[in-house]
Amino acid sequence: MRREVSRRVALGAAVTLCAAFAGCHKDKPTATAADLVATQADAQKEIDQAHVEAKKDVKNAAKFAGADSKDVALARVTGSFDIAMANADGTHKVASERCMLLPPAEQQPCKDRADADYQTAAANAKAMRVAELHKTS
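Residues numbered from 1 in each chain as written. Predicted model: local features only at pLDDT ≥ 70, side-chain atom pairs only at ≥ 80, totals over all residues. Heavy atoms only, no water.

Visitor: Explain the overall build of the chain here, please?
Guide: The secondary structure content of the chain amounts to 4 helices and 0 strands. Reading the helices (α) and strands (β) of the chain from amino to carboxyl end gives α-α-α-α. Summarising the internal contacts of the chain: among those between residues at least 6 apart in sequence, 69% fall at separations of at least 24. For the chain, the computed accessible surface area is about 10000 Å², with 59% contributed by carbon and sulfur atoms. (Helix = DSSP H or I, 4+ residues; strand = E, 2+ residues; numbered from the N terminus. Contact = heavy atoms within 4.5 Å. Areas by Shrake-Rupley, 256 points an atom, 1.4 Å probe, with all protein chains shown as cover.)

And the structure:
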């Protein structure tokens with residue numbers, strides 16, 4: 001009786017283990033053109049939101065400190081940086097989604113290019129911000 005219970009437990013454990021490993025080897029779901037369109041729309045929404053926030057921040061700074069104040073200049077620089085980063089993020093998300101549409105062998109090199117392009121865009125945005133902040137000082 002004990003052996004029979006042990007065999008059932010062992011068999012149950014083996015089936016569970018097999019199912020767990022089988023689940024790990026499933027292919028990732030592939031992206032579709034609809035996913036790409038949704039990603040593009042989300043990216044554009046984030047960029048539009050960055051524009052709205054930047055405009056609002058400049059307006060508030062002008063309201064409280066005057067149109068020619070350092071606060072307005074700082075708000076403009078910060079807004080420009082935020083917009084540039086929103087563009088970089090959106091472009092990166094769209095590029096990464098496009099990579100998912102490629103055959104599996106081409107996906108990783110594509111993702112690497114998208115990541116490198118993002119790093120370049122982010123570095124450029126940061127450099128622009130530093131340069132503009134030095135002008136306002």
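Picking up after the structure, the text goes on.
Visitor: I tried to follow the packing of aromatic side chains on my own but got confused; where do I start?
Guide: Here the distance between the centres and the angle between the planes together describe a pair of aromatic rings. In total, this model carries 0 aromatic pairs according to the counting rule given. It is R129 that lies over the ring of F81; its NZ or CZ is 4.0 Å from the centre. (Phe/Tyr/Trp six-rings, centres within 6.5 Å; stacked < 30°, edge-to-face > 60°. Lys NZ or Arg CZ within 6 Å of the ring centre and 35° of its normal.)

Visitor: Before we go on, may I ask you to explain the nonpolar core in this structure?
Guide: Within soluble globular proteins, side chains that are nonpolar generally end up buried alongside one another. Core analysis: the largest hydrophobic core is formed by 5 residues, namely I47, A50, A54, I83 and A86. Of all the secondary structure elements, the ones that give two or more residues to this core are α2 (33–65) and α3 (70–100). Here this core gets 3 residues from one element, more than from any other, and that element is α2. With residues near it in sequence (within four places) discarded, I47 still touches A86 and N87. (Core = buried A, V, L, I, M, F, W, Y, C linked by side-chain atoms within 4.5 Å. Buried < 20%, exposed > 50% of the residue type's maximum accessible area, 1.4 Å probe, protein only.)

Visitor: What am I meant to see in the state of the cysteines here?
Guide: On inspection of all chains with the given rule, the structure shows 1 disulfide. Between the sulfur atoms of C99 and its disulfide partner C110 the distance amounts to 2.0 Å. Linking C99 and C110, the disulfide has an S-S dihedral of approximately -75° and is accordingly described as left-handed. Pair noted here: C99 is in helix α3 and C110 is in helix α4 (residues 104–136), with a separation of 11 residues, a long-range link. (Disulfide = S-S within 2.5 Å.)

Visitor: Looking at this model, I keep getting lost on the environment of A75. Mind explaining?
Guide: Structurally, the position occupied by A75 is in helix α3. Accessibility expressed as a relative area gives 12% for A75, which makes it buried. For the pair A75 and A54, spaced 21 residues apart in the sequence, the C-alpha separation amounts to 7.2 Å. Other than its neighbours up to four places away in sequence, A75 contacts D57, V58 and A61.

Visitor: What is the right way to read the pattern of salt bridges from this model?
Guide: Between side chains of opposite charge, pairing is possible as soon as their charged atoms come close. Scanning the model with the defined rule gives 3 salt bridges in all. A salt bridge links E132 to K135; the nearest nitrogen and oxygen atoms lie 3.3 Å apart. Of this pair, E132 and K135 both sit in helix α4, 3 residues apart, roughly one helical turn. Given a relative accessible area of 30%, E132 falls into the partly exposed group. For K135, a relative accessible area of 63% translates into the label exposed. (Salt bridge = Lys/Arg side-chain N within 4 Å of Asp/Glu carboxyl O.)

Visitor: It is not clear to me how α2 should be interpreted in this structure. Could you clarify?
Guide: Since there are 3.6 residues in each turn of an α-helix, residues three or four apart along the chain are aligned in direction. The terminal C-alpha atoms of α2, which comprises 33 residues, lie 48 Å apart, in line with the 48 Å expected from a rise of 1.5 Å per residue. When we look at burial in α2, the residues that qualify are L36, T39, A43, I47, A50, A54, V58 and A61. Lining the buried residues of α2 we find α3. (Expected span 1.5 Å × (residues − 1).)

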